[in-house]
Amino acid sequence: MSIDYDLASPGAAELFESLRAFGYDLPTALADIIDNSISAEAKNIWIDMQWDGQGSRVLIRDDGKGMTGDALRQAMKPGSLSPLADRAANDLGRFGLGMKTASISQCRCLTVLSKTKASEPALRRWDLDYIANTGTGEWRLLKKMDLLSAADQALLAPQKSGTILFWDRLDSLVGSAGSDDEVAQKHFRERADAVKHHLSMVFHRFLKGRGSIKIHMNGREIEPWDPFLEDVDFTDPQSAELLVADGEKVEVKPFILPHHSRITADQHQAAAGPKGWNAHQGFYIYRNRRLLVAGDWLGLGMQKEEHFKLARIRIDLANSADLQWQIDVKKSRARPPAALRRDLQRIARTTRARASSIYRHRGKVIQRQLGDKQAFLWTHLIKHGKSFYKINRDHPLVRKVLDGTEERAPLQALFSLIEQTIPAPLIVINNAETPDAFGQPFEGAASELKKAMEAVFDAMVEGGRDKAEAARALLSMEPFNNHPEIVTAFLDEVARAAAAKR
Ligand SMILES: Nc1ncnc2c1ncn2[C@@H]1O[C@H](COP(=O)(O)OP(=O)(O)OP(=O)(O)O)[C@@H](O)[C@H]1O
Ligand SMILES: [Mg+2]
């Protein structure tokens with residue numbers, strides 16, 4: 001009987017070289033390895049990036065439940081488990097590929113040492129150079145324990161169970177640099193920093209709270225980075241919505257982050273995230289609490305713009321939604337299913353509008369918080385879904401001018417003309433195109449600012465306010481609140497003048 005097929009197994013050396021090009025970088029590759037440690041119920045993960053030129057290595061160790069020799073052999077196969085298999089609800093894996101593809105994207109020699117509570121340590125190694133040199137195309141998985149030094153083998157000894165990965169021959173990270181190459185060493189250190197930032201973001205929900213885990217990077221614990229500033233009072237969390245598509249539930253919860261004037265400069269800088277404020281606006285997609293996408297408008301027809309940067313929206317998915325959301329092997333992409341696009345667009349629009357009004361008119365918020373109707377010259381009104389800007393008739397200076405005028409009609413007409421013809425569309429466009437090109441109020445015009453301040457102060461005093469109280473009010477009034485040093489100097493002046501009178 002003739003056989004009607006050919007066996008077409010790929011050559012190991014060739015396929016490995018291709019698998020290297022999945023597009024990982026060092027931080028995303030390490031995140032993929034940590035996924036496995038978390039799925040294996042590790043409480044601690046230690047990453048050590050050791051610089052030594054061509055002898056540089058990265059070690060990733062965990063105290064999870066580990067693998068027996070048989071399980072490790074299976075785990076080392078590319079495609080160790082079908083992507084179609086049902087996974088435990090807390091499993092961060094999907095494709096049966098990550099450990100291999102992530103590791104060999106960074107190194108030419110991957111060694112895994114693992115033990116369970118009930119089994120002796122087992123070792124397996126994919127050595128790309130060894131495989132290429134055999135010239136056979138065979139998938140030879142090395143397994144002799146003495147491939148590792150005694151010191152390396154001893155690393156698991158203090159633990160009851162756990163796994164350690166050794167990445168040797170880090171060609172993409174180190175190139176051909178020698179151990180005394182300072183530029184290469186600096187690059188190595190910078191990449192270690194990038195890893196730290198990435199992991200603190202991707203795993204922030206695992207690094208905090210009950211049952212949290214610890215990731216130690218070169219001996220230091222990685223702190224979580226919370227994109228939503230949930231611990232900061234002025235963050236404005238919106239209510240969560242549960243969306244359902246094809247029986248899969250998705251929770252969506254928008255957050256409006258605080259205007260920068262409400263938080264300290266350090267908090268503001270830290271909240272920016274690894275790629276900066278503008279880049280980190282949009283949807284944050286989590287799969288089993290692990291972050292896949294850190295700020296993206298998901299192709300819903302919306303752009304990232306400066307004035308939406310306070311909008312960050314959390315989406316929580318279960319791993320059963322992987323196919324629906326087109327999760328990729330690197331766990332760095334997710335696409336919403338068509339059935340949810342309209343809901344997500346609606347939520348994005350509402351959140352963006354709110355974020356933009358905080359960004360532009362923090363006045364409204366501060367006003368609410370200070371309970372001071374006089375603090376702002378402009379007020380923002382929304383009528384039938386449309387925005388209007390009105391001059392605040394309660395502002396001390398406006399009131400003084402109105403009260404001091406016999407014939408009010410022309411003045412009211414002037415106000416209304418100004419209000420109705422503000423070139424808002426032009427301002428919006430200019431601000432979107434060149435957000436930093438706008439001058440701040442009274443920028444480079446300190447003496448004008450002072451004159452305006454004196455006029456407002458006089459108006460408040462004439463309106464019956466105590467001088468000290470009026471002076472203090474200036475500190476929370478726009479735009480003087482942005483120039484505390486000038487206000488303080490003015491307050492001193494007022495105090496001195498009062499003292500001289502006595
Ligand atoms: N640190 C670890 N501790 C225990 N088991 C592990 C560890 N790392 C990997 N494994 C086992 O090896 C298997 C293969 O891991 P790999 O990352 O290649 O694929 P995956 O996690 O199943 O899916 P994905 O490709 O989506 O990551 C895992 O399913 C797990 O059973
Ligand atoms: Mg995995």
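Residues numbered from 1 in each chain as written. Chains lettered and ligands numbered in written order. Predicted model: local features only at pLDDT ≥ 70, side-chain atom pairs only at ≥ 80, totals over all residues. Heavy atoms only, no water.

All chains considered together, the criterion is met by 29 salt bridges. Here arginine 169 ties to aspartate 127 by a salt bridge, and the two come within 3.0 Å at their closest N and O atoms. With arginine 169 in the loop between β5 (162-168) and α7 (171-174) and aspartate 127 in strand β4 (residues 122-127), this residue pair connects regions lying 42 residues apart in the sequence. Residue arginine 169 is classed as partly exposed on the basis of its relative accessible area, which comes to 32%. (Salt bridge = Lys/Arg side-chain N within 4 Å of Asp/Glu carboxyl O. Helix = DSSP H or I, 4+ residues; strand = E, 2+ residues; numbered from the N terminus. Buried < 20%, exposed > 50% of the residue type's maximum accessible area, 1.4 Å probe, protein only.)

Right, let's talk about the site of ligand 1 for a bit. What surrounds ligand 1 is a group of 19 residues, the closest being Arg94, Leu97, Gly98, Lys100 and Lys331. Taking arginine 94, its main chain carries an N or O atom lying 2.5 Å from an oxygen atom of ligand 1. Burial of ligand 1 by the protein chains amounts to 87% of its free accessible area of 600 Å². Mapped onto the shell around ligand 1, the elements with two or more residues apiece are α2 (26-39) and α4 (98-106). (Near = heavy atom within 4 Å. Polar contact = N/O pair within 3.5 Å; in protein donor to acceptor, adjacent residues only side chain to side chain. Areas by Shrake-Rupley, 256 points an atom, 1.4 Å probe, with all protein chains shown as cover.)

Running from amino to carboxyl end, helix α15 (residues 446-462) crosses helix α17 (residues 484-501) at an angle of 50°, the nearest separation of the two axes being 11 Å. Considering their axes alone, α15 and α17 lie oblique with respect to each other. In the packing of α15 onto α17, the handedness of the crossing is right-handed. Residue-level contacts link Ala446, Leu449, Lys450, Met453, Glu454 and Phe457 of α15 to Ile486, Val487, Phe490, Glu493 and Val494 of α17. Counted by class, the contact of α15 with α17 contains 8 nonpolar, no polar and 3 charged residues. (Axes fitted to C-alpha atoms, helices over the stretch in contact; angles between N-to-C directions. Parallel < 35°, antiparallel > 145°, perpendicular 65-115°, else oblique. Left-handed = near helix turned anticlockwise from the far one by under 90°. Contact = heavy atoms within 4.5 Å. Nonpolar A, V, L, I, M, F, W, Y, C, P; charged D, E, K, R; others polar.)

To continue, consider the environment of aspartate 32. Within the secondary structure, aspartate 32 sits in helix α2. The exposure class of aspartate 32 is buried, given its relative accessible area of 2%.

Let us now look at the sheet that holds strand β6 (residues 214-217). Taken in spatial order, the 7 strands make up an open sheet running β4-β3-β5-β2-β1-β6-β7, and their pairing is mixed. Edge positions in the sheet fall to β4 and β7 (220-221), since each has one partner strand and no second. As judged from the 6 bridges shared by strand β2 (residues 57-62) and β5, these two strands associate in the antiparallel manner. Each bridged residue has a counterpart across the sheet, and for valine 58 the counterpart in β5 is tryptophan 167. (Pairing = 2+ DSSP bridges.)

By size, the foremost hydrophobic cluster in this structure holds 56 residues, and its most contacted members are Ile47, Met49, Trp167, Phe203 and Ile215. At 7 residues, α2 tops the list of elements feeding residues into this core. Core analysis: the second largest hydrophobic core is formed by 44 residues, Leu229, Met302, Ile313 and Trp325 among them. (Core = buried A, V, L, I, M, F, W, Y, C linked by side-chain atoms within 4.5 Å.)

With that settled, consider the packing of α15 against helix α16 (residues 467-474). Their axes nearest at 9 Å, the elements α15 and α16 cross at an angle of 140°. By the angle between their axes, α15 is oblique relative to α16. Crossing geometry of α15 relative to α16 is assigned as right-handed. Seen from α15, the contacting residues are Met453, Val456, Phe457, Met460 and Val461; seen from α16, they are Lys467, Ala470, Ala471, Ala473 and Leu474. The class makeup of the residues in the contact of α15 with α16 is 9 nonpolar, no polar and 1 charged.

When its domains are assigned, the protein chain resolves into domain 1 (12-221), domain 2 (236-360) and domain 3 (368-501). For domain 1 versus domain 2, the separation of C-alpha centres amounts to 30 Å. Listed by partner, the interface residues are 24 residues for domain 1 and 18 residues for domain 2. For the pairing of domain 1 and domain 2, the buried interface totals around 1900 Å² over both sides, and the portion due to carbon and sulfur atoms is 54%. Contact with domain 2 buries area across many residues of domain 1, yet Phe95, Met201 and Arg205 alone supply 34% of it, more than any other trio. Counting across the interface, domain 1 meets domain 2 through 3 salt bridges. (Domains from an automatic or database assignment. Buried area = accessible area lost by both parts, 1.4 Å probe.)

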